[in-house]
Amino acid sequence: MDTITTETQFTSGFYAKRDIALVQGRGATVWAEDGREYIDCTAGIGVASVGHCHPAVAAAIAAQAERLITCQEMFYNDQRARFIGRLAERLPWEAPRIFLCNSGAEAVETAIKLARLSTGRSGVVSMMRGFHGRTLGALSATHKKTYRQPFAPLVPGFSHIPFNNTARLAEVVTEATAAVILELVQGEGGVRPATAEFVRAARRICDERGVLLIVDEVQTGYGRTGRFLACDHYRLQPDLLCLGKAMAGGVPMGAVGIGPRVQNIAPGLHGSTFGGNPLACAAANAVLDVFAEEGLVERTAVFGERFLSQLRAIPSPQIREVRGMGLLVGVELKQRAMPVVRALAQRGILALTAGATVLRFLPPLVISEAELDKVVAEVTAVL
Ligand SMILES: *Cc1c(COP(=O)(O)O)cnc(C)c1O
């Protein structure tokens, strides 16, 4: 049986599948089993930031696979030590601590648990249109009703307020609140940047009321917005910072950066079997090397601006608004986005949606100028 038939027979059925079987990738290009070639503006949903199968990442994985693949965190490990030392330098605190896990949702779960433990409170205030993952705790912070409702009751203590609404935040955050959690650019929620005013107010309100501020940078982190962290755009020092997606070049990995206001947690209260494994850490070290050698953050700032202004110049009555930061870009349409995604695939461009009417582009940060020009040309043709 061929790939699509077999998957169709045995897969969970959890995903709205596209009719393409991808079997190979390099840089911003992926190839399907039928030989068709695509420019990949999905990048595994913002995972392949250094490009698919970057040679340095592939070599690091291969070398570490010959040395040591698993090493639970009860033991020290050279790759892990090197990685957390390097990541710490890029986090917005003098002396952060770092917890390693295997996905974005796990990072969010951890941040929520730490906030509850540290404050002795249970309330969590999150944002409408926010997305934080699908496990029960993370899902409780996620806003979308169709994701939440079938699994109710969720974790108690969560409330959602309109994003960028300072007055509502000031009303809802109380002495019973453990944490406020937000994305600095809402990704799944439609590519919506936070206003500087809202972020400043969130920091101030949290400070005044002894509440921890959790920033979910699972999608915005690692250069995606044109700075290493979206926090850097806002000069924001959160208390907990969640990372995931792009960290290890496609190997599953998540992390929580823990700031100085979070109380130390006693050994045994939280953990992970695979978290901080040497294979993921070796890949993550190679990813940081690629970021430095190829100047990916600076490059993303320049190419992102150019891409945004080219998209804004498309003269189509179907476009309502073009939003974004770096190479996290959304085109809000006056129609449903999925038919446009399908039409783009016919023309060799893979793109995402973010809600019903937003077309989303999350290309590898190594994408070339020529490839981005081709994307703009095909979007123009379709719209
Ligand atoms: C993707 C994403 C998550 C969830 O990450 P998983 O690895 O799928 O669990 C959480 N928060 C944000 C902002 C995301 O974009």
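In the block above lies the structure referred to throughout.
The sections below set out a description of the structure shown in this document. (Residues numbered from 1 in each chain as written. Predicted model: local features only at pLDDT ≥ 70, side-chain atom pairs only at ≥ 80, totals over all residues. Heavy atoms only, no water.)

### Let's talk about the side chain of H54
Summarising the element assignment, H54 is placed in the loop between helix 2 (43–46) and helix 3 (55–67). H54 sits in the buried class, given a relative accessible area of 13%. There is a polar contact of 3.0 Å between the side chain of H54 and the backbone nitrogen of A56. When neighbours within four sequence positions are excluded, H54 is seen to be in contact with V290 and E294. (Helix = DSSP H or I, 4+ residues; strand = E, 2+ residues; numbered from the N terminus. Buried < 20%, exposed > 50% of the residue type's maximum accessible area, 1.4 Å probe, protein only. Polar contact = N/O pair within 3.5 Å; in protein donor to acceptor, adjacent residues only side chain to side chain. Contact = heavy atoms within 4.5 Å.)

### Thoughts on the pairing of strand 4 (residues 97–101)
With respect to burial, strand 4 is a largely interior element, 4 of its 5 residues being buried. Looking at chain direction, strand 4 and strand 12 (residues 254–258) are connected through 5 bridges and run antiparallel. From the neighbouring strand, C101 faces strand 12, where its bridge partner is G254. (Pairing = 2+ DSSP bridges.)

### What to know about the pairing of strand 2 (residues 29–32)
Bridge analysis of strand 1 (residues 22–26) against strand 2 gives 4 bridges, and the strand direction is antiparallel. What sits directly across from L22, in strand 2, is A32. The hairpin turn running from strand 1 into strand 2, its antiparallel successor, is 2 residues long, and G27 in that turn takes a positive phi close to 60 degrees. The pairing of strand 2 with strand 3 (residues 37–40) spans 3 bridges and is classified as antiparallel.

### Quick look at the site of the ligand
Surveying the vicinity of the ligand reveals the residues S103, G104, A105, F131, H132, G133, E183, D216, V218, Q219 and K245. Within the backbone of F131, one N or O atom sits 3.4 Å away from a nitrogen atom of the ligand. A distance of 2.8 Å separates an oxygen atom of the ligand from a polar atom in the side chain of Q219. For the ligand, whose free accessible area comes to 380 Å², the fraction covered by protein is 81%. (Near = heavy atom within 4 Å. Areas by Shrake-Rupley, 256 points an atom, 1.4 Å probe, with all protein chains shown as cover.)

### Details of the sheet that holds strand 1
Strands sit in the order 1-2-3-15 across an open sheet of 4 strands; the sheet is mixed. Both outer strands of the open sheet, strand 1 and strand 15 (349–350), are each paired with one neighbouring strand and no more.

### Here's the deal with the environment of Q64
By the secondary structure assignment, Q64 is in helix 3. Placed 179 residues apart in sequence, Q64 and L243 show a C-alpha to C-alpha distance of 23 Å. Here Q64 is in contact with I69, Q79, P278, L279 and A282, once residues within four sequence places are set aside.

### Digging into the pattern of salt bridges
The full count for this structure, using the stated rule, is 18 salt bridges. R86 is the salt-bridge partner of D289, the closest N and O atoms lying 2.5 Å from each other. Note that D289 is positioned in helix 11 (residues 278–293) and R86 in helix 4 (residues 78–90), a separation of 203 residues in sequence. Relative accessible area serves as the criterion here: at 26%, D289 is assigned to the partly exposed category. Residue classification places R86 among the buried positions, given a relative accessible area of 17%. Sharing partners across several salt bridges, the network here consists of R203, D207, D239 and R261. (Salt bridge = Lys/Arg side-chain N within 4 Å of Asp/Glu carboxyl O.)

### Concerning the sheet that holds strand 13 (residues 319–325)
Ordered in space as 13-14-17-16, the 4 strands form an open sheet in which the pairing is antiparallel. At either end of the open sheet lies a strand with only one pairing partner, and these are strand 13 and strand 16 (352–353). As paired elements, strand 14 (residues 328–333) and strand 17 (residues 358–361) share 4 bridges and run antiparallel to each other. By the bridge assignment, V329 is partnered in strand 17 with F361. Against the sheet, helix 13 (residues 338–346) makes contact with strand 14, strand 16 and strand 17, and its axis sits at roughly 45 degrees relative to strand 17, the strand it touches most. (Axes fitted to C-alpha atoms, helices over the stretch in contact; angles between N-to-C directions.)

### Observations regarding the packing of helix 3 against helix 11
Two quantities define a packed helix pair, namely the angle between the axes and the distance from one axis to the other. Where helix 3 meets helix 11, the axes come as close as 8 Å, and the angle between the chain directions of the two elements is 155 degrees. In terms of orientation, helix 3 and helix 11 fall into the roughly antiparallel class. Note on packing geometry: the crossing formed by helix 3 with helix 11 is right-handed. Contacts from A56, V57, A60, I61, Q64 and A65 of helix 3 reach helix 11 at P278, L279, A282, A283, A286, V287 and V290. (Parallel < 35°, antiparallel > 145°, perpendicular 65-115°, else oblique. Left-handed = near helix turned anticlockwise from the far one by under 90°.)

### Details of unusual backbone geometry
Cis peptide bonds are those with omega within 30 degrees of zero, and the linkage from A152 to P153 qualifies with 0 degrees. Tracing the chain through its elements places P153 in the loop between helix 7 (145–148) and strand 6 (158–161). If you check the backbone angles, A43 has positive phi at about 50 degrees while not being a glycine. Mapped onto the fold, A43 is located in helix 2. Phi is positive for V191, which is not a glycine, with a value near 55 degrees. Along the polypeptide, V191 turns up in the loop between strand 8 (185–186) and strand 9 (192–193).

### With respect to helix 3
In this model helix 3 runs 18 Å from its N-terminal to its C-terminal C-alpha over 13 residues, within 8% of the 18 Å that 1.5 Å per residue would give. Structurally, helix 3 contributes buried residues whose contacts are with helix 4 and helix 11. (Expected span 1.5 Å × (residues − 1).)

The values are spatial; any link to function lies outside them.
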